[in-house]
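Here's the letter readout for the chains.
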Amino acid sequence: MNVKIEESWKTHLQPEFEKPYFKTLTDFVRNEYSTKTIYPPAGLIFNAFDSCPFDDVKVVIVGQDPYHEPRQAHGLCFSVNDNVQIPPSLVNIYKEISDDLGKPTPQSGNLERWAKQGVLLLNATLTVQAHRAGSHQGRGWEEFTDAAIRELAEKRENLVFILWGAYAQRKGEKIDASKHLVLKSPHPSPLSAHRGFFGNKHFSRANEYLERNGKETIEW
(Lines give C-alpha, C1' and ligand atoms only; values in the text may rest on other atoms or scores of the structure.)
Protein backbone atom coordinates (compact mmCIF):
# COMPACT_ATOMS: atom_id res chain seq x y z
CA MET A 1 0.00 0.00 0.00
CA ASN A 2 1.32 3.46 -0.89
CA VAL A 3 0.97 5.58 2.24
CA LYS A 4 1.77 9.30 2.14
CA ILE A 5 4.27 9.55 4.97
CA GLU A 6 7.80 10.93 5.30
CA GLU A 7 10.22 8.78 3.28
CA SER A 8 12.48 7.47 6.07
CA TRP A 9 9.45 6.43 8.10
CA LYS A 10 7.93 4.89 4.99
CA THR A 11 10.99 2.65 4.67
CA HIS A 12 10.95 1.62 8.33
CA LEU A 13 7.19 1.05 8.56
CA GLN A 14 6.63 -0.51 5.12
CA PRO A 15 6.04 -3.99 6.61
CA GLU A 16 3.10 -2.58 8.60
CA PHE A 17 1.47 -1.14 5.47
CA GLU A 18 1.29 -4.64 3.97
CA LYS A 19 -0.40 -6.27 6.98
CA PRO A 20 -4.14 -7.06 6.96
CA TYR A 21 -4.86 -4.89 10.00
CA PHE A 22 -3.55 -1.80 8.22
CA LYS A 23 -5.84 -2.37 5.22
CA THR A 24 -8.80 -2.74 7.59
CA LEU A 25 -7.72 0.39 9.48
CA THR A 26 -7.33 2.40 6.26
CA ASP A 27 -10.80 1.38 5.04
CA PHE A 28 -12.30 2.36 8.41
CA VAL A 29 -10.53 5.74 8.52
CA ARG A 30 -11.45 6.62 4.92
CA ASN A 31 -15.09 5.85 5.62
CA GLU A 32 -15.03 7.91 8.83
CA TYR A 33 -13.57 10.96 7.06
CA SER A 34 -16.15 10.69 4.28
CA THR A 35 -19.16 10.39 6.60
CA LYS A 36 -18.28 12.25 9.85
CA THR A 37 -16.18 15.08 11.24
CA ILE A 38 -12.81 13.57 12.10
CA TYR A 39 -9.68 15.17 13.56
CA PRO A 40 -6.97 16.02 12.70
CA PRO A 41 -7.49 17.13 9.07
CA ALA A 42 -6.73 14.14 6.84
CA GLY A 43 -3.48 15.64 5.52
CA LEU A 44 -2.11 15.87 9.07
CA ILE A 45 -2.74 12.29 10.25
CA PHE A 46 0.98 11.48 9.96
CA ASN A 47 2.21 14.96 10.94
CA ALA A 48 4.29 13.61 13.85
CA PHE A 49 6.28 11.47 11.41
CA ASP A 50 6.39 14.07 8.62
CA SER A 51 7.74 16.69 11.06
CA CYS A 52 10.46 14.46 12.52
CA PRO A 53 12.27 12.00 10.19
CA PHE A 54 13.41 8.68 11.67
CA ASP A 55 17.11 9.51 11.96
CA ASP A 56 16.40 12.97 13.43
CA VAL A 57 14.44 11.63 16.43
CA LYS A 58 16.10 12.37 19.78
CA VAL A 59 13.12 12.35 22.14
CA VAL A 60 9.79 10.50 21.94
CA ILE A 61 6.76 11.79 23.87
CA VAL A 62 3.83 9.37 23.85
CA GLY A 63 0.26 10.67 23.98
CA GLN A 64 -3.02 8.81 23.76
CA ASP A 65 -5.62 10.42 21.49
CA PRO A 66 -5.88 13.53 19.28
CA TYR A 67 -7.86 16.45 20.66
CA HIS A 68 -11.48 16.10 19.58
CA GLU A 69 -12.71 19.70 19.46
CA PRO A 70 -12.54 22.06 16.44
CA ARG A 71 -9.20 23.57 15.34
CA GLN A 72 -7.19 21.85 18.09
CA ALA A 73 -5.65 18.67 16.66
CA HIS A 74 -2.91 18.90 14.05
CA GLY A 75 -1.21 15.53 14.37
CA LEU A 76 1.24 16.22 17.21
CA CYS A 77 0.43 14.96 20.71
CA PHE A 78 -0.28 17.61 23.37
CA SER A 79 0.04 20.33 20.69
CA VAL A 80 -2.61 22.68 19.32
CA ASN A 81 -2.62 25.14 16.45
CA ASP A 82 -1.58 28.75 16.98
CA ASN A 83 -4.34 31.03 18.32
CA VAL A 84 -6.12 28.11 20.02
CA GLN A 85 -6.56 28.09 23.79
CA ILE A 86 -3.79 26.05 25.43
CA PRO A 87 -5.33 22.82 26.82
CA PRO A 88 -5.02 22.03 30.55
CA SER A 89 -2.41 19.25 30.17
CA LEU A 90 -0.18 21.50 28.10
CA VAL A 91 -0.61 24.33 30.61
CA ASN A 92 0.83 21.93 33.19
CA ILE A 93 3.63 20.83 30.85
CA TYR A 94 4.60 24.48 30.38
CA LYS A 95 4.45 25.02 34.15
CA GLU A 96 6.85 22.11 34.72
CA ILE A 97 9.23 23.43 32.03
CA SER A 98 9.15 26.84 33.70
CA ASP A 99 9.83 25.34 37.14
CA ASP A 100 12.47 22.94 35.81
CA LEU A 101 14.37 25.22 33.43
CA GLY A 102 13.30 28.73 34.45
CA LYS A 103 11.81 29.45 31.03
CA PRO A 104 8.92 31.87 30.44
CA THR A 105 5.59 30.31 29.45
CA PRO A 106 4.95 30.44 25.67
CA GLN A 107 1.83 32.18 24.39
CA SER A 108 1.15 29.43 21.83
CA GLY A 109 0.38 25.75 22.34
CA ASN A 110 1.91 24.84 18.98
CA LEU A 111 4.77 22.40 19.58
CA GLU A 112 6.04 22.23 16.00
CA ARG A 113 9.22 23.89 17.26
CA TRP A 114 9.90 20.77 19.34
CA ALA A 115 9.27 18.44 16.42
CA LYS A 116 11.76 20.34 14.28
CA GLN A 117 14.41 19.75 16.94
CA GLY A 118 13.89 16.00 17.00
CA VAL A 119 10.96 15.45 19.38
CA LEU A 120 8.53 12.83 18.02
CA LEU A 121 5.13 13.84 19.43
CA LEU A 122 3.33 10.56 18.93
CA ASN A 123 -0.26 9.80 19.86
CA ALA A 124 -1.11 6.10 20.22
CA THR A 125 -4.26 6.67 18.13
CA LEU A 126 -3.87 9.04 15.19
CA THR A 127 -7.51 9.97 14.47
CA VAL A 128 -10.68 10.70 16.46
CA GLN A 129 -14.31 11.56 15.82
CA ALA A 130 -15.37 15.10 16.76
CA HIS A 131 -16.53 15.43 20.39
CA ARG A 132 -15.95 11.71 21.06
CA ALA A 133 -12.72 11.03 22.94
CA GLY A 134 -11.29 7.58 22.28
CA SER A 135 -13.71 6.88 19.43
CA HIS A 136 -10.99 5.44 17.14
CA GLN A 137 -9.24 3.35 19.76
CA GLY A 138 -8.98 -0.38 19.13
CA ARG A 139 -9.13 -0.02 15.34
CA GLY A 140 -5.46 -0.71 14.59
CA TRP A 141 -3.69 2.57 15.20
CA GLU A 142 -2.19 1.22 18.44
CA GLU A 143 -0.53 -1.65 16.58
CA PHE A 144 0.89 0.79 14.04
CA THR A 145 2.28 3.21 16.63
CA ASP A 146 3.66 0.28 18.67
CA ALA A 147 5.62 -0.67 15.54
CA ALA A 148 7.00 2.87 15.24
CA ILE A 149 8.16 2.84 18.87
CA ARG A 150 9.65 -0.64 18.42
CA GLU A 151 11.61 0.44 15.33
CA LEU A 152 13.09 3.40 17.18
CA ALA A 153 13.88 1.36 20.29
CA GLU A 154 15.59 -1.39 18.28
CA LYS A 155 17.31 0.52 15.46
CA ARG A 156 18.43 3.67 17.31
CA GLU A 157 20.47 4.24 20.46
CA ASN A 158 20.47 6.81 23.27
CA LEU A 159 16.97 8.15 22.69
CA VAL A 160 14.80 9.64 25.43
CA PHE A 161 11.34 8.10 25.80
CA ILE A 162 8.98 10.24 27.91
CA LEU A 163 6.01 8.24 29.21
CA TRP A 164 3.41 10.17 31.19
CA GLY A 165 0.61 8.14 32.75
CA ALA A 166 -0.19 4.43 32.86
CA TYR A 167 -1.32 4.25 29.23
CA ALA A 168 1.96 5.60 27.81
CA GLN A 169 3.96 3.48 30.23
CA ARG A 170 2.25 0.29 29.05
CA LYS A 171 3.02 1.31 25.48
CA GLY A 172 6.70 1.71 26.29
CA GLU A 173 7.16 -1.28 28.59
CA LYS A 174 9.37 -3.20 26.12
CA ILE A 175 11.89 -0.39 25.59
CA ASP A 176 15.41 -1.42 26.66
CA ALA A 177 16.28 1.01 29.45
CA SER A 178 19.96 0.08 29.21
CA LYS A 179 20.04 1.42 25.64
CA HIS A 180 17.75 4.45 26.06
CA LEU A 181 16.62 6.84 28.80
CA VAL A 182 13.03 6.00 29.81
CA LEU A 183 11.37 8.72 31.89
CA LYS A 184 8.08 7.92 33.63
CA SER A 185 5.70 9.95 35.78
CA PRO A 186 1.97 10.57 36.24
CA HIS A 187 0.14 12.29 33.38
CA PRO A 188 0.14 16.12 33.19
CA SER A 189 -3.68 16.17 33.23
CA PRO A 190 -5.13 18.34 36.04
CA LEU A 191 -6.52 15.09 37.49
CA SER A 192 -3.07 13.59 38.09
CA ALA A 193 -0.36 16.26 37.67
CA HIS A 194 -0.11 16.87 41.43
CA ARG A 195 0.62 13.18 42.04
CA GLY A 196 4.16 13.41 40.67
CA PHE A 197 4.14 15.06 37.26
CA PHE A 198 5.09 18.38 38.81
CA GLY A 199 8.69 18.17 39.88
CA ASN A 200 9.60 15.25 37.60
CA LYS A 201 12.29 17.39 35.91
CA HIS A 202 11.92 15.36 32.71
CA PHE A 203 12.98 18.27 30.52
CA SER A 204 16.31 18.93 32.22
CA ARG A 205 16.93 15.19 32.61
CA ALA A 206 16.31 14.65 28.89
CA ASN A 207 18.74 17.42 27.97
CA GLU A 208 21.41 16.17 30.37
CA TYR A 209 21.18 12.70 28.79
CA LEU A 210 21.33 14.06 25.23
CA GLU A 211 24.33 16.20 26.09
CA ARG A 212 26.08 13.27 27.76
CA ASN A 213 25.62 11.28 24.56
CA GLY A 214 26.95 13.99 22.26
CA LYS A 215 23.59 15.22 20.96
CA GLU A 216 22.22 18.73 20.77
CA THR A 217 19.82 19.53 23.57
CA ILE A 218 16.19 20.53 23.03
CA GLU A 219 15.17 24.17 23.39
CA TRP A 220 12.01 23.41 25.35
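The text that follows walks through the structure, step by step, so that each part is easy to find. (Residues numbered from 1 in each chain as written. Predicted model: local features only at pLDDT ≥ 70, side-chain atom pairs only at ≥ 80, totals over all residues. Heavy atoms only, no water.)

## What about the overall build of the protein?
Then, number 1: Of the regular secondary structure elements, the protein holds eight helices and six strands.
Then, number 2: When the helices and strands of the protein are read in sequence order from the N terminus, they spell out α-α-β-α-β-α-α-β-β-α-β-α-β-α.
Then, number 3: Radius of gyration (C-alpha) of the protein: 17 Å, near the 17 Å computed for a compact globule of 220 residues.
Then, number 4: In terms of overall dimensions, the protein has a C-alpha envelope of 45 × 35 × 25 Å along the principal axes.
Then, number 5: The proportion of buried residues among the 220 residues of the protein is 54%.
Then, number 6: Restricting the contact set of the protein to residue pairs at least 6 apart, pairs at least 24 apart contribute 66%.
Then, number 7: Accessible surface, the protein as shown: approximately 10400 Å² in total, 48% of it carbon and sulfur.
Then, number 8: Put simply, the protein has 27 plus and 28 minus side-chain charges, and the middle of one group is 3 Å from the middle of the other. (Helix = DSSP H or I, 4+ residues; strand = E, 2+ residues; numbered from the N terminus. Rg over C-alpha atoms; globule rule 2.2 N^0.38 Å. Buried < 20%, exposed > 50% of the residue type's maximum accessible area, 1.4 Å probe, protein only. Contact = heavy atoms within 4.5 Å. Areas by Shrake-Rupley, 256 points an atom, 1.4 Å probe, with all protein chains shown as cover. Lys, Arg positive; Asp, Glu negative; His and termini not counted. Charge placed at Lys NZ, Arg CZ, Asp CG, Glu CD.)

## With respect to the packing of helix α4 (residues 88-101) against helix α8 (residues 202-212)
Then, number 1: Contact geometry of α4 with α8 gives a least axis separation of 8 Å together with a crossing angle of 60°. By the angle class used here, α4 and α8 are oblique. In this structure, α4 uses Ile93, Glu96, Ile97, Asp100 and Leu101 to contact α8, whose residues at the interface are His202, Phe203 and Ser204.
Then, number 2: Here the contact of α4 with α8 is composed, by residue class, of four nonpolar, two polar and two charged. (Axes fitted to C-alpha atoms, helices over the stretch in contact; angles between N-to-C directions. Parallel < 35°, antiparallel > 145°, perpendicular 65-115°, else oblique. Nonpolar A, V, L, I, M, F, W, Y, C, P; charged D, E, K, R; others polar.)

## Points about the pattern of salt bridges
Then, number 1: Summed over all chains, the structure comprises eight salt bridges.
Then, number 2: Residue Asp27 is joined to Lys23 by a salt bridge in which the shortest nitrogen-to-oxygen separation is 2.8 Å. Residue Asp27 and its partner Lys23 are both found in helix α2 (residues 20-35); the two are separated by four residues, about one turn of the helix.
Then, number 3: In this structure, Lys95 and Asp99 form a salt bridge, with 3.1 Å as the shortest nitrogen-oxygen distance. Here the residue Lys95 and the residue Asp99 both occupy positions in helix α4, the gap between them amounting to four residues, near one helical turn. (Salt bridge = Lys/Arg side-chain N within 4 Å of Asp/Glu carboxyl O.)

## Quick notes on unusual backbone geometry
Then, number 1: With an omega of -5°, the peptide bond between Tyr39 and Pro40 qualifies as cis.
Then, number 2: Tracing the chain through its elements places Pro40 in the loop between β1 (38-39) and α3 (47-50).
Then, number 3: Phi angles above zero are rare outside glycine, and Asn158 is one such case at about 55°.
Then, number 4: You can see Asn158 is positioned in the loop between α6 (141-155) and β5 (160-164).
Then, number 5: With relative accessibility at 23%, the residue Asn158 sits in the partly exposed group.

## Here we look at the environment of Ala153
Then, number 1: In this structure, Ala153 sits in helix α6.
Then, number 2: We classify Ala153 as buried; its relative accessible area is 11%.
Then, number 3: Put simply, Ala153 and Ala130 are 23 residues apart on the chain and 33 Å apart in space, counted from C-alpha to C-alpha.
Then, number 4: Not counting the four nearest positions on each side in its chain, Ala153 is found in contact with Phe161, Ile175, Lys179 and His180.

## Some thoughts on α6
Every α-helical turn comprises 3.6 residues, leaving residues that sit three or four positions apart pointing alike.
Then, number 1: Taking 1.5 Å of rise per residue, the 15 residues of α6 would be expected to cover 21 Å, and the 21 Å separating its terminal C-alpha atoms lies within 8% of that figure.
Then, number 2: For α6, the complete set of buried residues consists of Trp141, Glu142, Phe144, Thr145, Ala147, Ala148, Ile149, Glu151, Leu152 and Ala153. (Expected span 1.5 Å × (residues − 1).)

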